[in-house]
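# Inside the fold
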Amino acid sequence: MAFIRKKRREQQLQLYSKERFSLLLLNLEEYYFEQHTANHIRHKGSQNERKIRGSLKICSKSVIFEPDAISQPIIKIPLRDCIKIGKHGENGANRHFAKVVSGGISLIFSQVYFIKEHNIVAPYKIERGTMEYVFELDVSGKVEGVVETLLQLHRASCLDKLGDQTAMITAILQSRLARTSFDKNRFQSVSEKLHMECKAEMVTPLVTNPGHVCITDTNLYFQPLNGYPKPMVQITLHDVRRIYKRRHGLMPLGLEVFCTEDDLCSDVYLKFYERQDRDDLYFYIATYLEHHVAERTAEGYTLQWQRGLLSNYQYLLHLNTLADRSCNDLSQYPVFPWVVGDYSSSELDLSNPGTFRDLSKPVGALNKERLERLLTRYQEMPEPKFMYGSHYSSPGYVLFYLVRIAPEYMLCLQNGRFDNADRMFNSIAETWKNCLDGATDFKELIPEFYGDDVSFLVNSLKLDLGKRQGGQMVDDVELPPWARSPEDFLQKSRDALESDYVSEHLHEWIDLVFGYKQKGRDAVGAHNVFHPLTYEGGVDLNSIEDPDEKVAMLTQILEFGQTPKQLFVTPHPRRITPKFKSLSQPSSYNASTADTPVSPGEESFEDLTEESRTLAWSNITRLQLHEQHKIHKEAVTGIAVSRSGSSVFTTSQDSTLKMFSKESKMLQRSISFSNMALSSCLLLPGDATVVSSSWDNNVYFYSIAFGRRQDTLMGHDDAVSKICWHDNRLYSASWDSTVKVWSGVPAEMPGSRRHQFDLLAELEHDVSVDTISLSAASTLLVSGTKEGTVTIWDLTAATILHQIPCHSGTVCDTAFSPDSRHVLSAGADGCLNVVDVQTGMLISSMTSEEPQRCFLWDGNSVLSGSQSADEPFSSRKLPVCPVPWTFPSRSWLVRPSASPGLRDIRLQNGSF
């Protein structure tokens, strides 16, 4: 899972550097500055003198010596424990500027740590007492500078106040960064153009690494100040798929870059010193990606999840990513819920609601007696009040679960020690019981519990994690009786997460963690109030002037855990699971994740009574023919009505676009763009421009005010059959088997420079596309082909949701219902079909005497045309939507008709 993959990436970098050393050997908030090849001189000046070859690391709070021989332990000497630092052979550190031949550095100290002897990960060994170690640099000329650096860092470490220590070390770091810059020789190409360079830190779990960020027209670079673990990190902008602004330590300074679509592990996480630098870099990358990558939003993912296109697991991963959760930041590690509440039965019954945890309550509220005690304390507490003294996600909890695969992280977090053996992650059942009964244990789970890698449950590294009070050694995690193996445990956990019960109730947990019950009165009512410091905006670190208070606050924030960024401020919709299964599903659709119930208040078609079905169409029979005007020589192919209703625009197979005045009842204009038929037309917002599509492969833009063509889009290899427009995007269907999505605004007046339309997406079909229609929010598109297939597309991801063979001949027209829950299609086979958008299932079908050639359906008005003048409009008891169609008084209906082929316009008036 996330952390496991992240650790493997770091291990690959470790192989690159061929070192046992890692930044995890440093203290929290410590920096690694530089290294020097050196010898550790043991027993200097005696007959037993010997040299141990290795590398001397200068860090902001310690000196670390890594021997080349893995049988020798790594030595770590905290600078605060140093008594004297100087050149070997001098009397005291204050004379280190004297010229001596020796290249040795002498450290006299009171405490030293020995780490990873024989390369075995184990608790650090500590030796105390006054000692002297001598390190001889290969380059003796560097001794003076190294000693000076050590003395400066030693002074910082010995300051009384932690805030003063941090301020001095920060000043030293910034001075080093200011004296260096990004090495332009490391550009991948000599033709690269530099756009921006700034200082930043690369964030990995528990540690950060300072350096320089550089972005060019093709690459993003990070060059560590210390060259560790490799001289440069390089990401090609073309490979970037997602970028997110992050808050790090509750400060808006982070930026995370992903080169994958769904992986929770990013390719680089950067923390900037200045917010403006972060924002500028984000803007540049976002601008580069604008035409390459679709924007990801919580609402978009929610729609996909509701329709069953995302599993519960995938949806939670996406919400975590959007809410600033990252596997690079253990204080904001992705959080997943406990879903199973039965860890004692021999079989896991997922059909029994009693098997599951109540997802409407936070962990702290699951035990009624414990909650009552917490609420009593809460009532007596002064402001600011909080119910829980610990969080549901923190670095300690994450590493509690992952200690078997990430022991070095645990040692880093706990100053070189593992936790007490009886407090380790020993048993699933024990951990769950403690979460229910423990006075301060309210932790949730992590994604690994629903992944496919069992290594965090198995002590495959044979770590010595201690002995419990009963005498047994801490080894593999004890599984519940219903799990035959670690693999079986994870599989059944995944099954539980994707079960019907969890799908029905997951929105309740989302309300608590990512939604409206996270803060305010709703959080109080849900017993979901944590310490104020855990919330975004809970404290303004920049307003704290006392450096000690500021450092203490930041440390508490990083170690205590943080509440996710709030994504929803209204109740989260529940998953809509059909009571039936589609007979035609795309290959990527997982049917098992779609079986969740219909939301309350959302009627399905099967809930409609026969009376309501009849009522839905009864009023249509009262429509009466008002006027009829024959203005075309051949079939009418498209109609557009101005917003005021005064003008009607039509296109025809006679190759003309005509403008008809409803008030004067006269033809005002007739325009011909070519000798080929025009297939459809529409009015752009503002009623200043008419757009029409043509069989000559083009789309034409006609200015009403100037009376002439103002733009031509040559975008297809065959006839353009239908066009739609929304929010400066043009959607064009063609007989070349594609639907294309274009971005751009046509020129406003003749003579101005014509606009270049940008192709955003191309939706490929197997055969000619004859019609398209957009949903109300323009997030969905439905297309119909000449072979009778109706395809529903998700425009946010340019992917197919459903592909349904609805008709035996050409699909003449399609339209979404006003609530976008259903699609109505009319075919040359005379069938009118209703498809459920959520499931892709054909839920109703009726045959008309004459094929309905075109229609538009908006809840109040219907535009329709048939192949015969004898049946200009058909009233049928076809249950298309759950509310009756009505026509307001004085409304009028425009539709093409034919005598004998659709050539005229009919106005119908309804007064009821």
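Cut-off values and rules
- Residues numbered from 1 in each chain as written.
- Predicted model: local features only at pLDDT ≥ 70, side-chain atom pairs only at ≥ 80, totals over all residues.
- Heavy atoms only, no water.
- Helix = DSSP H or I, 4+ residues; strand = E, 2+ residues; numbered from the N terminus.
- Buried < 20%, exposed > 50% of the residue type's maximum accessible area, 1.4 Å probe, protein only.
- Contact = heavy atoms within 4.5 Å.
- Areas by Shrake-Rupley, 256 points an atom, 1.4 Å probe, with all protein chains shown as cover.
- Salt bridge = Lys/Arg side-chain N within 4 Å of Asp/Glu carboxyl O.
- Axes fitted to C-alpha atoms, helices over the stretch in contact; angles between N-to-C directions.
- Parallel < 35°, antiparallel > 145°, perpendicular 65-115°, else oblique.
- Core = buried A, V, L, I, M, F, W, Y, C linked by side-chain atoms within 4.5 Å.
- Pairing = 2+ DSSP bridges.
- Polar contact = N/O pair within 3.5 Å; in protein donor to acceptor, adjacent residues only side chain to side chain.
- UniProt positions renumbered as here; feature names shortened; annotations may be inferred.
- pLDDT = per-residue confidence, 0-100.
- Expected span 1.5 Å × (residues − 1).
- Phe/Tyr/Trp six-rings, centres within 6.5 Å; stacked < 30°, edge-to-face > 60°.
- Nonpolar A, V, L, I, M, F, W, Y, C, P; charged D, E, K, R; others polar.
- Patch = residues over 30% accessible without salt bridge, like charges linked within 9 Å, V, L, I, M, F, W, Y side chains within 5 Å.
- Lys, Arg positive; Asp, Glu negative; His and termini not counted.
- Charge placed at Lys NZ, Arg CZ, Asp CG, Glu CD.

Right, let's get into the overall build of the protein. For the protein, the count of helices and strands is 15 helices and 39 strands. Looking at the protein as a whole, 57% of its 912 residues qualify as buried. Within the protein, residue pairs in contact and separated by at least 24 positions form 57% of the contacts whose partners lie at least 6 positions apart. For the protein, the computed accessible surface area is about 38900 Å², with 48% contributed by carbon and sulfur atoms.

Counting across every chain of the model gives 24 salt bridges. One salt bridge in this structure joins Glu197 and Lys184, with 3.1 Å as the shortest N-O distance. Placement of Glu197 in strand 8 (residues 194-204) and of Lys184 in the loop between helix 3 (162-178) and strand 8 is noted, with a sequence separation of 13 residues between them. Taking relative accessible area as the criterion, Glu197 reaches 30% and is therefore assigned partly exposed. For Lys184, a relative accessible area of 34% corresponds to the partly exposed category.

This part takes up the packing of helix 3 against helix 14 (residues 547-560). Running from amino to carboxyl end, helix 3 crosses helix 14 at an angle of 85°, the nearest separation of the two axes being 7 Å. Judged by the angle between their axes, helix 3 and helix 14 are roughly perpendicular. Note on element contacts: helix 14 touches helix 3 through Pro547, Asp548 and Val551, opposite Leu162, Gly163, Asp164 and Thr166.

Judged by nonpolar contacts, the single largest core of 106 residues is most densely connected at Phe449 and Phe514. In terms of residue count, the dominant contributor to this core is helix 12 (residues 500-513) (7 residues). Those residues in contact with Phe449 that lie beyond four places of it in its chain are Tyr401, Phe425, Ile428, Phe456, Phe489, Leu490 and Ser493. Grouped together as the second largest cluster of nonpolar side chains are 33 residues, Leu56, Ile85, Leu107 and Met131 included.

Next up on the list: the sheet that holds strand 24 (residues 720-726). Strand order in the open sheet formed by 4 strands is 24-25-26-27, with antiparallel pairing between adjacent strands. Looking at the sheet topology across the chains shown, the edges are occupied by strand 24 and strand 27 (758-764). Ignoring which end each strand starts from, the neighbouring axes of this sheet average 20° apart.

In this section: the environment of Ser652. With respect to the element layout, Ser652 can be found in strand 17 (residues 647-652). Each C-alpha atom of the pair Ser652 and Glu634 lies 6.3 Å from the other, and the pair is 18 residues apart in sequence. Discounting residues that sit within four places of it in the chain, Ser652 has contacts with His632, Glu634, Ala635, Val636, Thr637, Ala677 and Leu678. In terms of polar contacts, Ser652 uses its side chain to reach the backbone carbonyl oxygen of Glu634, at 3.1 Å.

We now examine the UniProt feature "repeat: WD" (unreviewed entry) in the protein. In the numbering adopted here, UniProt assigns the feature "repeat: WD" (unreviewed entry) to residues 713-743, 762-803 and 804-845. Split by type, residues 713-743 is 0% helix and 68% strand. Its first and last C-alpha atoms lie 11 Å apart.

All right, on to the sheet that holds strand 14 (residues 268-272) then. The strand order 11-10-9-8-14-13-12 describes an open sheet built from 7 strands, whose pairing is antiparallel. Edge positions in the open sheet fall to strand 11 (233-236) and strand 12 (242-248), since each of these has one partner strand only. Along the sheet, successive strands turn relative to each other by an average axial angle of 30°, direction set aside.

Quick look at the environment of Glu634 now. By the element assignment, Glu634 lies in the loop between strand 15 (624-630) and strand 16 (636-641). Owing to a relative accessible area of 38%, Glu634 belongs among the partly exposed residues under this scheme. Remark: the alpha-carbon pair of Glu634 and Thr651, spanning 17 residues in sequence, is separated by 9.8 Å.

The next point concerns the confidence of the model for the protein. Here the protein shows a mean pLDDT of 83. Residues at 70 or above account for 82%. Residue range residues 12-17 is modelled with pLDDT below 50. Its contacts to residues more than four positions away, or to other chains, number 12 contacts.

Let's shift gears to helix 11 (residues 486-497). Look at helix 11: 17 Å from first C-alpha to last across 12 residues, which is about the 16 Å you get at 1.5 Å a residue. Where helix 11 is buried, its residues contact helix 6 (312-322), helix 10 (428-437) and helix 12.

The final tally for this structure, using the stated rule, is 35 aromatic pairs. Between Phe182 and Tyr221, the aromatic rings sit 5.4 Å apart at their centres with planes inclined by 45°, giving tilted as the arrangement. Here the residue Phe182 occupies a position in the loop between helix 3 and strand 8, and Tyr221 occupies one in strand 10 (residues 219-224), the gap between them amounting to 39 residues. Of the residues examined, Phe182 reaches a relative accessible area of 2% and is grouped as buried.

So, about the side chain of His765. Relative to the elements of secondary structure, His765 occurs in the loop between strand 27 and strand 28 (769-774). The exposure class assigned to His765 is buried, which follows from its relative accessible area of 11%. A polar contact is formed between the side chain of His765 and the backbone oxygen of Leu763, at a distance of 3.1 Å. Residues contacting His765, with those up to four places away along its chain left out, are Ser737, Thr738, Val739, Ser783, Thr785, Thr791 and Trp793.

Contact geometry of helix 5 (residues 298-306) with helix 6 gives a least axis separation of 10 Å together with a crossing angle of 175°. Relative to helix 6, the element helix 5 is oriented roughly antiparallel. In contact with Ala298, Tyr301, Thr302 and Trp305 of helix 5, helix 6 contributes Asn312, Tyr315, His318 and Leu322. Residue classes in the contact of helix 5 with helix 6 are distributed as 5 nonpolar, 3 polar and no charged.

The next point concerns the pairing of strand 23 (residues 708-714). Note that strand 22 (residues 698-703) and strand 23 share 6 bridges and pair antiparallel. The residue bridging Asn698 from the neighbouring strand is Met714, located in strand 23. Here strand 22 hands over to strand 23 after 4 residues, with Gly707 in that stretch at a positive phi of 65°.

Together, Asp160, Asp164, Glu545, Asp546 and Glu549 give the surface a local cluster of negative charge. Structurally, the position occupied by Glu545 is in the loop between helix 13 (520-525) and helix 14. Residue Glu545 is classed as exposed on the basis of its relative accessible area, which comes to 77%.

Following Tyr228, the chain continues into Pro229 via a peptide bond in cis, with omega recorded as 0°. Tracing the sequence through the fold places Pro229 in the loop between strand 10 and strand 11. Note that the residue after Glu383, namely Pro384, is joined by a cis bond; omega there is -5°. In this fold, Pro384 is placed in the loop between helix 7 (368-380) and helix 8 (395-402). Backbone geometry at Ser655 places phi at a positive 75°, although glycine is not the residue there. Note that Ser655 resides in the loop between strand 17 and strand 18 (656-661). With relative accessibility at 10%, the residue Ser655 sits in the buried group. Phi at Ser737 is positive, roughly 75°, even though this residue is not glycine. Looking at the element boundaries, Ser737 is found in the loop between strand 25 (729-734) and strand 26 (738-743).

Below, the discussion takes up the side chain of Asn698. With respect to the helices and strands, Asn698 occurs in strand 22. For Asn698, a relative accessible area of 12% translates into the label buried. Polar contacts involving the side chain of Asn698 include one to the side chain of Tyr700, which spans 3.3 Å. In this structure, Asn698 is in contact with Ser692, Ser693, Thr712, Leu713, Met714 and Val720, ignoring residues within four places of it in sequence.

In the case of a regular strand, side chains alternate between the two sheet surfaces. The buried count for strand 24 comes to 5 of 7 residues, which makes it a mostly enclosed element. In this structure, strand 24 lies alongside strand 25, joined through 6 bridges in antiparallel fashion. Bridging from a neighbouring strand, Cys724 pairs with Tyr731 of strand 25. Hairpin remark: strand 24 followed by strand 25, antiparallel, with 2 residues in the connecting loop; positive phi at Asp727, about 50°.

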